[in-house]
Amino acid sequence: MILYNTLGQTKQEFIPYENKKVNMYTCGPTVYHFAHIGNLRTYIMEDVLEKYLRYSGYDVTRVMNITDVGHLSSDADTGEDKMLSGAKREHKTVMEIAKFYTDAFFDDCKKLNIKTPDVVEPATNCIDDFINMVSVLLEKDYAYIAGGNVYFDTSKLDNYYVFGNFKEEDLAVGVRDSVDADENKKNKSDFVLWFTKSKFEDQELKWDSPWGIGYPGWHIECSAISIKHSGEYLDIHCGGIDNAFPHHTNEIAQSEAFLGHPWCKYWFHVLHLNDARGKMSKSKGGFLTVSLLEENGYDPLAYRMFCLQSHYRKPLTFSYDSLDNVQKAYNKLINRVANLKDGEAINEENLVPYRQSFKDAMDNDLNTSLGLTCVYDVLKANDLSDSEKRKLIEEFDYVLSLDLLNGKINSESAEISVSDDFNKEIEELIAKRNEARKSKDWATADAIRDELKAKKIVLIDTPQGVKWEFEK
Ligand code: AMP
Ligand code: ZN
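Just so it is clear, the structure is predicted and the values come from calculations on it, not from any experiment.

What should I look at first to understand the site of ligand 1 in this one?
Taken together, 18 residues lie near ligand 1, and Thr-30, Thr-42, Asp-242, Leu-273 and Lys-282 sit nearest. The contact in question runs from an oxygen atom of ligand 1 to an N or O atom on the side chain of Asn-243, over 3.1 Å. Relative to its unbound accessible surface of 490 Å², ligand 1 loses 95% to contact with the protein. When contributions to the shell around ligand 1 are tallied by element, the ones reaching two or more residues are helix 1 (37-55) and strand 10 (234-240). Residue contributions to the shell around ligand 1 peak at four residues, all from helix 1. Grouping the amino acids of the shell around ligand 1 by side-chain chemistry returns five nonpolar, ten polar and three charged.

This is how it looks when you write it as structure tokens:
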């Protein structure tokens, strides 16, 4: 498989440290608010990556953290802890909002068919691990204490900007803005490993440490949680592109300084979902959630399909118009698959070229839109039986996860979604059934009703004649 690696900024062949075993780490959500559909674009594409690796025969172990402490309002460690501002906003405790939004996140993931990672670890469970890592970094002289906080000393590294394309001038607010500049830092790019002093005295969650009562920085979480569960050698680390700098850059700095050897081989970054105002972000407010899409009559899986239709390394702009089109296409697709007959013999040889096309698409830096086209190619194929088509679609759907074989028809938009051919076929069956009923051929009439039922269609007798709708 060829994957684009932000480390090196090239497409590279994916070769894990150990043959056929993949340790994968995903930056989890900061649980101070609902995840927006931009965050979920990242989790959908990471889910596809994980499932495609499994589909390709890799034994994947995926770890994800839950950020419930330490992520400050600016990614350069300035501003208030996002969790604390979320708690204040809702007049709740930090732990209450962490639980509420963690549950909400996994509810959304379920609706989008995003598999729960093998290990999900909240940061607040791992304080001892963070303290241990910071202690080692201090012992190895990669860190220093200033003004009560512990900082990572980036000048100790030969190459701090490992992803290459980020300049110091582009560093976040705290560094550019003299008002916010942290006087304790020896170098502009240094970052906090452990806070004991912050401008915000009312931090709710604090723990004892060798450096005083305080709380961990955000970056140390992911390094420590990853090393704790995936060991010293990580194959692939994922996140949205905004995580590349400073978060992932800092993770690499501290993990490799701690371990004394290279750490993660591949860095997989998903480009942003934008709306008319630019990048969708929780802090801007007015963002879109899965529940909002549902309230507006969309199937969450239509949103998944919307994401799969574009490449993960291209920015994607959301609009309801485009989602409308995808919802229609999704409904049609479900109808077409539902119409495939089952129970015919399967000739494995016939499946080979179609499997190969899917593999070629996905092996090429996870080309999901081409992967989706493979489903349409199977449906159109003249050299495949319906059962063979079903089998292939079932296989591809392990990765795409669009519920293609058992998808529900979205009744709100079902009518507009039905293809003319399908409509004609149903109308003809209804007419035949009417004929049979007229001539009191009850067996034929019942058989047609059953055939329609198998297509998830229910008949309704009205004064204007027999009408039909999709089963709800
Ligand atoms: P957060 O909950 O803010 O920690 O972010 C969770 C994940 O969503 C991270 O991997 C971010 O990089 C990613 N992310 C944030 N905003 C967007 C966006 N507009 N589009 C895609 N991914 C995003
Ligand atoms: Zn992270």
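So what exactly am I meant to see when it comes to the sheet that holds strand 4 (residues 59-66) here?
Taken in spatial order, the five strands line up as 5-4-3-10-11 in an open sheet, and their pairing is parallel. With partners counted over all chains shown, the strands left at the sheet margins are strand 5 (119-122) and strand 11 (264-270), one partner each. Each adjacent strand pair in this sheet contributes to an overall mean axis angle of 20°, direction not counted. Both strand 4 and strand 5 contribute to a ladder of four bridges, which runs parallel. Note on strand 5: the bridge partner recorded for Asn-65 is Glu-121. Packing of helix 7 (residues 244-259) onto the sheet brings it into contact with strand 10 and strand 11, and relative to strand 11 it is tilted by some 170°.

Explain the pattern of salt bridges here, please?
Pairs may arise between side chains of opposite charge once their charged atoms sit close together. Under the definition given, this model contains 28 salt bridges. One salt bridge in this structure joins Glu-90 and Arg-89, with 2.7 Å as the shortest N-O distance. The exposure class of Arg-89 is partly exposed, given its relative accessible area of 38%. Residue Lys-111 is joined to Glu-294 by a salt bridge in which the shortest nitrogen-to-oxygen separation is 2.9 Å. Of this pair, Lys-111 sits in helix 3 (residues 94-111) while Glu-294 sits in helix 8 (residues 290-295), and the two are 183 residues apart along the sequence. Residue Glu-294 is classed as partly exposed on the basis of its relative accessible area of 32%.

What should I look at first to understand the confidence of the model for the protein chain in this one?
Detailed reading of predicted coordinates is not advised where the pLDDT is low. When pLDDT is averaged along the protein chain, the result is 90; 92% of the residues meet or exceed 70. Here residues 169-179 is a poorly scored stretch, pLDDT under 50, and it has 15 contacts once near neighbours within four places are set aside; other chains count. Confidence drops under a pLDDT of 50 for residues 411-418, and excluding neighbours within four residues, the segment shows 16 contacts in the predicted structure.

Could you clarify how one ought to interpret the sheet that holds strand 14 (residues 316-317) in this entry?
The strands making up a sheet associate through hydrogen bonds between their backbones, and the pairing can be parallel or antiparallel. One open sheet holds the three strands; their spatial order is 13-12-14, and the pairing between them is mixed. This sheet does not close on itself; its edge strands, each paired only once, are strand 13 (278-279) and strand 14.

Can you help me understand the coordination of the zinc ion (ligand 2) in this one?
In an ideal tetrahedron of four donors about a metal, each angle is 109.5 degrees. In an ideal octahedron of six donors, the angles are 90 or 180 degrees. Looking at the zinc ion (ligand 2), the protein donor atoms are Cys-27 (SG), Cys-222 (SG) and His-247 (NE2), and they sit 2.0 to 2.1 Å from it. Written as a sequence motif, the donor arrangement for the zinc ion (ligand 2) is C-x194-C-x24-H. Placement of Cys-27 in the loop between strand 3 (21-26) and helix 1 and of His-247 in helix 7 is noted, with a sequence separation of 220 residues between them. Owing to a relative accessible area of 5%, Cys-27 belongs among the buried residues under this scheme.

What am I meant to see in the packing of helix 10 (residues 320-338) against helix 12 (residues 368-380) here?
Relative placement of two packed helices is described by the angle separating their axes and the distance separating the axes. Taken N-terminus to C-terminus, the directions of helix 10 and helix 12 make an angle of 40°; their axes are 11 Å apart at the nearest point. Comparing their axes, helix 12 and helix 10 come out oblique. The crossing of helix 10 and helix 12 is left-handed. Facing helix 10, whose interface residues are Ala-329, Leu-333, Arg-336 and Val-337, helix 12 presents Val-375, Tyr-376, Leu-379 and Lys-380.

Honestly, the packing of helix 1 against helix 11 (residues 348-363) in this entry has me stumped. Any pointers?
One can describe the packing of helix 1 onto helix 11 by two numbers: an axis separation of 12 Å at closest approach and a directional angle of 135°. Between helix 1 and helix 11, the angle falls in the class oblique. Of the two elements, helix 1 crosses helix 11, and the hand of that crossing is left-handed. Here helix 1 contributes Val-48, Tyr-52 and Tyr-55 to the contact with helix 11, which in turn contributes Phe-358, Lys-359, Met-362 and Asp-363.

How should I be thinking about the packing of aromatic side chains in this particular structure?
The geometry of an aromatic ring pair comes down to the distance between the two centres and the angle between the two planes. Taken as a whole, this structure holds 28 aromatic pairs when the rule is applied. Members of the aromatic cluster, joined through ring pairs, are Tyr-298, Tyr-303, Phe-306, Phe-318 and Tyr-320. Here Lys-20 stacks its cationic end above the ring of Tyr-58, 4.3 Å away from the centre of that ring.

Which parts of the structure should I look at to understand the pairing of strand 8 (residues 191-195)?
The side chains of a regular strand alternate, residue by residue, between the two faces of the sheet. For strand 8, the tally of buried residues reaches five of five residues, placing the bulk of the element in the interior. Examined bridge by bridge, strand 7 (residues 149-152) and strand 8 share three bridges and lie antiparallel to one another. Residue Phe-152 lies in a different strand from strand 8, and its bridge partner there is Phe-191. Across two bridges, strand 8 lies against strand 9 (residues 215-216) in antiparallel orientation. The residue bridging Phe-195 from the neighbouring strand is Tyr-215, located in strand 9.

Can you help me understand the pairing of strand 6 (residues 143-146) in this one?
Relative to strand 7, strand 6 runs antiparallel, the two sharing four bridges. Bridging across to strand 7, Ile-145 finds its partner in Val-150. With antiparallel pairing between neighbouring strands as the criterion, strand 6 and strand 7 make up a hairpin whose turn holds two residues, including Gly-147 at a positive phi of roughly 55°.

What counts as what
- Residues numbered from 1 in each chain as written.
- Chains lettered and ligands numbered in written order.
- Predicted model: local features only at pLDDT ≥ 70, side-chain atom pairs only at ≥ 80, totals over all residues.
- Heavy atoms only, no water.
- Near = heavy atom within 4 Å.
- Polar contact = N/O pair within 3.5 Å; in protein donor to acceptor, adjacent residues only side chain to side chain.
- Areas by Shrake-Rupley, 256 points an atom, 1.4 Å probe, with all protein chains shown as cover.
- Helix = DSSP H or I, 4+ residues; strand = E, 2+ residues; numbered from the N terminus.
- Nonpolar A, V, L, I, M, F, W, Y, C, P; charged D, E, K, R; others polar.
- Pairing = 2+ DSSP bridges.
- Axes fitted to C-alpha atoms, helices over the stretch in contact; angles between N-to-C directions.
- Contact = heavy atoms within 4.5 Å.
- Salt bridge = Lys/Arg side-chain N within 4 Å of Asp/Glu carboxyl O.
- Buried < 20%, exposed > 50% of the residue type's maximum accessible area, 1.4 Å probe, protein only.
- pLDDT = per-residue confidence, 0-100.
- Donors = N, O, S within 2.8 Å, 3.2 Å for Na, K, Ca; no water.
- Parallel < 35°, antiparallel > 145°, perpendicular 65-115°, else oblique.
- Left-handed = near helix turned anticlockwise from the far one by under 90°.
- Phe/Tyr/Trp six-rings, centres within 6.5 Å; stacked < 30°, edge-to-face > 60°.
- Lys NZ or Arg CZ within 6 Å of the ring centre and 35° of its normal.

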